[in-house]
Amino acid sequence: MNPYILAILLFGLGLGTTITFASSHWLLAWMGLEMNTLAIIPLMAQHHHPRAVEATTKYFLTQAAAAATLLFASITNAWLTGQWEIQQITHPLPTTMITLALALKIGLAPLHAWLPEVLQGLDLTTGLILSTWQKLAPFALILQIQPSNSTTLIILGLASTLIGGWGGLNQTQLRKILAYSSIAHLGWMILVLQFSPSITLLALLTYLIMTSSTFLVFKLNKSTNINTLATSWAKAPALTALTPLILLSLGGLPPLTGFMPKWLILQELTKQGLAPTATLAALSALLSLYFYLRLSYAMTLTISPNSLLGTTPWRLPSTQLTYPLATSTAMTICLLPLTPTISALLTP
């Protein structure tokens, strides 16, 4: 792709998200979301592969449906209450419609079916943008309207954690596994949203770091399914040794970074008297942990000649920047163990 066009599209992505962040009016927020969608579509279809075009079409149709529902709900809200302010949304009907439209935008269960299919058709770089940056603008809106629809959010959150765990169990394609992982993580964030928005933001931040790290590892190894992971030791032995830690951090095992948000979310849910919800969420984390362990096993414990592949790939020098990968990997593994040390150093 022409670098000037790429720069314009990336600028459009950034501008769309920024407009949604800065808006207090529903029309402006909707406009930001539309800019976001239209800017990523050429990036998704840039390889002109039939699978990429199919994924782009599916993405466009779901996002357009979600945006239309959002616009309809905000107009309904203005008609019922005379308010266009995002913070002033009080009527239950438009609130529920907007929550469901935003859930469709980010891929929360039961409105998740498009996400694994779309992610599977994209290359890993665009998949990374879709799994991280594209979640920010709708999340900002969900955070602003959150106090008035508690049951809806808990149902969406629980469904997402369970479906995100179950859906990934029988997958062999890495991008589909990462899509279900994304659904499960977003479910955790939505569960605690109404009780503690700050924990939700912490969970979102750690999710962004861990997902970036995982996508960049797979991009460096050029891996798209579980079988190709088995030969990654020949390309980057040190990184292959660290990757299980990244995956287990995504699964939420202590003492890795991914444990921190899950721990705080379970604690907050228990404080709010939602012990059954917390128990179900914790059990669903075990489902997710299984497929992360499966990836770790495929990467590090099936080293040739025990693997069935037999063909070792060419060790061509990688053109990928390693700074983002190194930074995100270090944060994915060490952020939780280092937090007490950092806070002890910073407090006088």
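Nothing here was measured: the structure is a model prediction, and the numbers come from that model.

Regarding the overall build of the chain
Moving on, step 1. What the chain contains, in helices and strands, is 16 helices and zero strands.
Moving on, step 2. Here the C-alpha radius of gyration of the chain, 20 Å, is about what a compact globule of 348 residues would show, namely 20 Å.
Moving on, step 3. Expressed along its principal axes, the backbone C-alpha trace of the chain runs to roughly 70 × 50 × 45 Å.
Moving on, step 4. In the chain, which comprises 348 residues, the proportion classed as buried is 53%.
Moving on, step 5. Within the chain, one finds 13 positive and 6 negative side-chain charges whose respective centroids are separated by 15 Å.

What to know about the pattern of salt bridges
Side chains carrying opposite charge are able to pair once their charged atoms draw close together.
Moving on, step 1. Counted according to the given criterion, the structure contains five salt bridges.
Moving on, step 2. Its salt-bridge partner being K58, residue E117 comes within 3.5 Å of it at the nearest N-O pair. Here E117, found in helix α5 (residues 114–120), pairs with K58, found in helix α3 (residues 50–81); they are 59 residues apart in sequence, far enough to count as distant.
Moving on, step 3. Three or more residues joined by partner-sharing salt bridges are found here, namely R51, E54, K58, E117 and K176.

Things to note about the environment of P254
Moving on, step 1. On the secondary structure map, P254 appears in the loop between α13 (237–251) and α14 (259–271).
Moving on, step 2. When the C-alpha atoms of P254 and P337 are compared, they prove to be 9.0 Å apart, with 83 residues separating the residues in sequence.

A short note on the nonpolar core
Moving on, step 1. Counting 49 residues, the largest nonpolar core has Y59, V118, L130, F218 and L295 as its most contacted members.
Moving on, step 2. When residues of this core are sorted by domain, at least three fall in each of domain 1 (1–124) and domain 2 (149–306 + 321–347).
Moving on, step 3. Apart from residues no more than four positions distant in its own chain, L295 is found in contact with L174, I177, F218, I226, L229 and L247.
Moving on, step 4. Listed in part, the 42 residues of the second largest apolar core include I86, L102, L141 and L191.

Digging into the domain arrangement of the chain
Moving on, step 1. You can read the domains of the chain as domain 1 (1–124) and domain 2 (149–306 + 321–347).
Moving on, step 2. Taking only C-alpha atoms into account, the centre of domain 1 sits 24 Å from that of domain 2.
Moving on, step 3. Tallying the contact residues gives 18 residues for domain 1 and 22 residues for domain 2.
Moving on, step 4. Between domain 1 and domain 2 lies a buried interface of about 1800 Å² when both sides are counted; carbon and sulfur atoms form 74% of it.
Moving on, step 5. The largest contributions to the domain 1 side of the interface with domain 2 come from L108, Q120 and L124, which together make up 37% of the buried area.

A look at the packing of α3 against helix α4 (residues 92–106)
Moving on, step 1. In the contact formed by α3 and α4, the axes pass within 8 Å of each other and the chain directions differ by 165 degrees. Here α3 is positioned roughly antiparallel relative to α4, judged by the angle of their axes. Seen from above, α3 lies across α4 with left-handed handedness. Along the contact surface, α3 presents T62, Q63, A66, A67, T69, L70, F72, A73, S74, T76, N77 and L80, while α4 presents L93, P94, M97, I98, A101, L102, L104 and K105.
Moving on, step 2. Taken together, the residues of the contact of α3 with α4 sort by class into 13 nonpolar, six polar and one charged.

Calculation criteria
Residues numbered from 1 in each chain as written. Predicted model: local features only at pLDDT ≥ 70, side-chain atom pairs only at ≥ 80, totals over all residues. Heavy atoms only, no water. Helix = DSSP H or I, 4+ residues; strand = E, 2+ residues; numbered from the N terminus. Rg over C-alpha atoms; globule rule 2.2 N^0.38 Å. Buried < 20%, exposed > 50% of the residue type's maximum accessible area, 1.4 Å probe, protein only. Lys, Arg positive; Asp, Glu negative; His and termini not counted. Charge placed at Lys NZ, Arg CZ, Asp CG, Glu CD. Salt bridge = Lys/Arg side-chain N within 4 Å of Asp/Glu carboxyl O. Core = buried A, V, L, I, M, F, W, Y, C linked by side-chain atoms within 4.5 Å. Domains from an automatic or database assignment. Contact = heavy atoms within 4.5 Å. Buried area = accessible area lost by both parts, 1.4 Å probe. Axes fitted to C-alpha atoms, helices over the stretch in contact; angles between N-to-C directions. Parallel < 35°, antiparallel > 145°, perpendicular 65-115°, else oblique. Left-handed = near helix turned anticlockwise from the far one by under 90°. Nonpolar A, V, L, I, M, F, W, Y, C, P; charged D, E, K, R; others polar.

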